[in-house]
Amino acid sequence: MPSINRRSFFAAAGVAAVAAAVPITGIRALAAGTPAVAFHNPLAEQRADPYIIKHDGTYYFTATVPVADRIFLRKSSTLQGLGSAQEITIWNKHESGEMSANIWAPELHRVNGNWYIYFAAGRTDDGFRIRMYVLENTSEDPTTGTWTEKGQITTHADGFSLDATTFFHGDEQYLCWTQYDPEPDGTSLYLATMADPWTLKSDPVRISMPEYDWEKYGHIVDEGPAVLKRNGRVFITFSASWTGAEYKLGLLTASEDADLLDASSWSKNPQPVFQSHDGASQYGPGHNSFTVSEDGQSDILVYHARPYKDIDGNPLDNPDRHTRLQKLYWNADGTPNFGIPVPDGPTPFRFLVHGGDDRYLNHFDSRLRAGEPAMLADSQFMIVAGLAGSGSVSLRSANYPDRYLRHRNGEFWLDAFEDTDLYKQDASFQQRAGLADSNGVSFQSVNYPDYYLRRSGDYVDLGLTGTTAEQSDATFFLE
């Protein structure tokens, strides 16, 4: 079975694959220590521009529906539960005039004890006369009570505007949104403070306009801002280019001490941070939001993507943008690492080697190693039903999901699936409580039950676990 040669793979796949794979601060170790999260993707089919907020232990979810005629909410005590939760329509489009067509990208926010929904809408007589609007609800539970229309958000120019999001920084409420600019004949991102949840206070400042080629495929677009404040910085992700497979995420960063209304406070990453991935069969990932895991220890990336690349007709008319969840990882320098849009099915884990030296299982040129991964996705594996059956598990690569970890001649390799009994046995394990720490996991070989998947220096082999040191090398913590 041929190995995966990283250099030849990049040469064949092109620049887009390289940009998706390389962390935003270069190839370096990731900050370790947050517990694993477990989801099954997609969370919700045909729900685009997803927004999830957690409040008092309850998650609320809203998104754009394919017919773009209403705003809904779902609620659940768990993130995965949002996928099957009852969908409650809380507002319907008007029959004519303002807010009568293209009801897009609703977001639910809690401001000063009340609930607000920010959304974009057009008109039946001009669907692309898109403007931003606000609804208010004074109930404790936003799925109950009355939603009152607070009207249009008036900006510096009465033009195409959408994708409003809001956040607090210091004592100020900010609004960040997308607006058409004659120069560069596309959409840019603007930021302003607010006098109240539906009225701007300061003059808007443009903090990003499309300038790189990856922001200009199909259309010249920066849109869909989402805000995350961590590690002394304010991060704003945004979606760029047209809404097919070329759709992707960019990243703006400012110091938390900076004047956010000074455009020079913001720096843009020169490469996209999240984009389509052929191996994972996920295309056009974008229009994201952020939430937190149930235990509050992990940041969760919420976004939509399609499970196929080619689209007939206008991608805006295609309904198959599905809501998805995955863990957001952090680089050691405090910057986010998005990795790749993970494959459908169970979300992958990282496997931290017991012993506290920040070594992770990862593959490079098909060989399984224990060390610093070349890229995040090389260290992500899905725990799936074992190919050998009988309650076993198999470890499937996140970025090469047709390949599984398999032992050959006592070494572990990432090999393409073979429909043989030998392959299935070699690639199957009994998952056990960690031999050195029951909070971790260990993987016992199905066909050599005296042997475990075990770190051996910088590599991973099939080994015995008779000593304390060997048991430590065979124990991993899921992240």
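Residues numbered from 1 in each chain as written. Predicted model: local features only at pLDDT ≥ 70, side-chain atom pairs only at ≥ 80, totals over all residues. Heavy atoms only, no water.

Draft legend 1. Fine view of the overall build of the chain. In terms of helices and strands, the chain carries four helices and 35 strands. The C-alpha atoms of the chain give 24 Å as radius of gyration, which agrees with the globular expectation for 479 residues (23 Å, within 12%). C-alpha atoms of the chain, sized along the principal axes, occupy 70 × 45 × 45 Å. Across the chain, contacts joining residues at least 24 apart in sequence account for 53% of those joining residues at least 6 apart. Per element, the accessible surface of the chain, about 18300 Å² overall, is 46% carbon and sulfur. Seen as two clouds, the 39 positive and the 62 negative side-chain charges of the chain have centres 3 Å apart. (Helix = DSSP H or I, 4+ residues; strand = E, 2+ residues; numbered from the N terminus. Rg over C-alpha atoms; globule rule 2.2 N^0.38 Å. Contact = heavy atoms within 4.5 Å. Areas by Shrake-Rupley, 256 points an atom, 1.4 Å probe, with all protein chains shown as cover. Lys, Arg positive; Asp, Glu negative; His and termini not counted. Charge placed at Lys NZ, Arg CZ, Asp CG, Glu CD.)

Draft legend 2. Structural view of the side chain of Lys-248. Within the fold, Lys-248 resides in strand β17 (residues 248-255). It is Glu-246 that comes nearest to the buried, bridge-free Lys-248 among opposite-charge side chains, at 6.8 Å. A distance of 3.4 Å separates a polar side-chain atom of Lys-248 from the backbone oxygen of Trp-214. Setting aside its immediate chain neighbours within four residues, Lys-248 contacts Trp-214, Tyr-217, Phe-238, Ser-239, Ala-240, Ser-241, Pro-272, Phe-274, Gln-275 and Pro-285. (Buried < 20%, exposed > 50% of the residue type's maximum accessible area, 1.4 Å probe, protein only. Salt bridge = Lys/Arg side-chain N within 4 Å of Asp/Glu carboxyl O. Polar contact = N/O pair within 3.5 Å; in protein donor to acceptor, adjacent residues only side chain to side chain.)

Draft legend 3. Broad picture of the pattern of salt bridges. A full pass over the atoms with the stated rule returns 25 salt bridges. The salt bridge partner of Lys-268 is Glu-215, with a shortest N-O separation of 2.7 Å. Of the two residues, Lys-268 is situated in strand β18 (residues 267-268) and Glu-215 in the loop between β14 (205-208) and β15 (222-230); the sequence distance between them amounts to 53 residues. The exposure class assigned to Lys-268 is buried, which follows from its relative accessible area of 14%. Of the charged contacts in the structure, one is a salt bridge between Arg-367 and Asp-461, with a shortest N-O distance of 3.3 Å. Here the residue Arg-367 occupies a position in strand β26 (residues 367-371), and Asp-461 occupies one in strand β34 (residues 459-463), the gap between them amounting to 94 residues. If you follow the salt bridges from partner to partner, you end up with Arg-406, Arg-408, Asp-415, Glu-418 and Asp-426 in one network.

Draft legend 4. Seen up close, the sheet that holds strand β22 (residues 336-337). The four strands lie next to each other as β19-β20-β21-β22, forming an open sheet whose pairing is antiparallel. Whereas interior strands pair on both sides, the edge strands pair on one side only; in this sheet they are β19 (283-292) and β22. With six bridges joining them, β19 and strand β20 (residues 299-306) adopt antiparallel strand pairing. If you follow Thr-291 over to β20, its bridge partner there is Ile-300. (Pairing = 2+ DSSP bridges.)

Draft legend 5. Expanded view of the environment of Ala-377. Considering the arrangement of structural elements, one finds Ala-377 in the loop between β26 and β27 (381-385). With a relative accessible area of 4%, Ala-377 lands in the buried category. Along the chain, Ala-377 and Ala-398 lie 21 residues apart, while their C-alpha atoms are 6.3 Å from each other. If near-sequence neighbours (up to four positions away) are discounted, Ala-377 is found in contact with Ile-340, His-363, Ala-398 and Asn-399.

Draft legend 6. Summary view of the packing of aromatic side chains. Tallied over the full model, the rule gives 20 aromatic pairs. Judged by centre distance (5.6 Å) and plane angle (80 degrees), the ring pair of Phe-417 and Tyr-423 falls under edge-to-face. What links up through ring pairs into an aromatic cluster is the set Phe-351, Phe-381, Phe-412, Phe-429 and Phe-443. Positioned over the ring face of Trp-198 is Lys-150, at 4.3 Å from the centre of the ring. (Phe/Tyr/Trp six-rings, centres within 6.5 Å; stacked < 30°, edge-to-face > 60°. Lys NZ or Arg CZ within 6 Å of the ring centre and 35° of its normal.)

Draft legend 7. Region of interest: the sheet that holds β17. Taken in spatial order, the four strands line up as β15-β16-β17-β18 in an open sheet, and their pairing is antiparallel. The sheet terminates laterally at β15 and β18, the two strands that pair on one side only.

Draft legend 8. Main features of the environment of Ser-96. Inspection of the secondary structure puts Ser-96 in the loop between β5 (88-92) and β6 (101-111). With 28 residues separating them along the chain, Ser-96 and Thr-124 place their C-alpha atoms 5.8 Å apart.

Draft legend 9. Focus on unusual backbone geometry. At the junction of Asn-41 and Pro-42, the peptide bond is cis and its omega measures out at 0 degrees in the coordinates. Considering the arrangement of structural elements, one finds Pro-42 in the loop between β1 (40-41) and β2 (48-55). With omega at 25 degrees, the peptide bond leading from Glu-183 into Pro-184 counts as cis. One can find Pro-184 in the loop between β11 (172-181) and β12 (186-196).

Draft legend 10. Local environment of the nonpolar core. Phe-351, Leu-361, Leu-368, Leu-395, Phe-443, Leu-453 and Phe-476 are the most contacted members of the largest nonpolar core, which totals 21 residues. Of all the secondary-structure elements, those providing two or more residues to this core are β24 (351-353), β26, β27, β28 (393-397), β30 (411-416), β32 (441-445) and β34. (Core = buried A, V, L, I, M, F, W, Y, C linked by side-chain atoms within 4.5 Å.)

Draft legend 11. Structural context of the confidence of the model for the chain. Per-residue pLDDT for the chain averages 93, and the proportion of residues at 70 or more is 93%. Put simply, helix α1 (residues 6-13) is where the chain has its lowest mean pLDDT, 33, and strand β3 (residues 58-64) is where it has its highest, 99. Within the model, the stretch residues 1-28 combines pLDDT values under 50 with 50 contacts to residues more than four positions away or in other chains. (pLDDT = per-residue confidence, 0-100.)

Draft legend 12. View of the environment of Tyr-133. Within the secondary structure, Tyr-133 sits in strand β8 (residues 126-137). Sequence separation of Tyr-133 and Leu-368 is 235 residues, and the distance between their C-alpha atoms is 52 Å. The contacts of Tyr-133, once residues within four sequence positions are left out, are Glu-98, Met-99, Ile-117, Tyr-118, Phe-119, Ala-121, Gly-151 and Gln-152.

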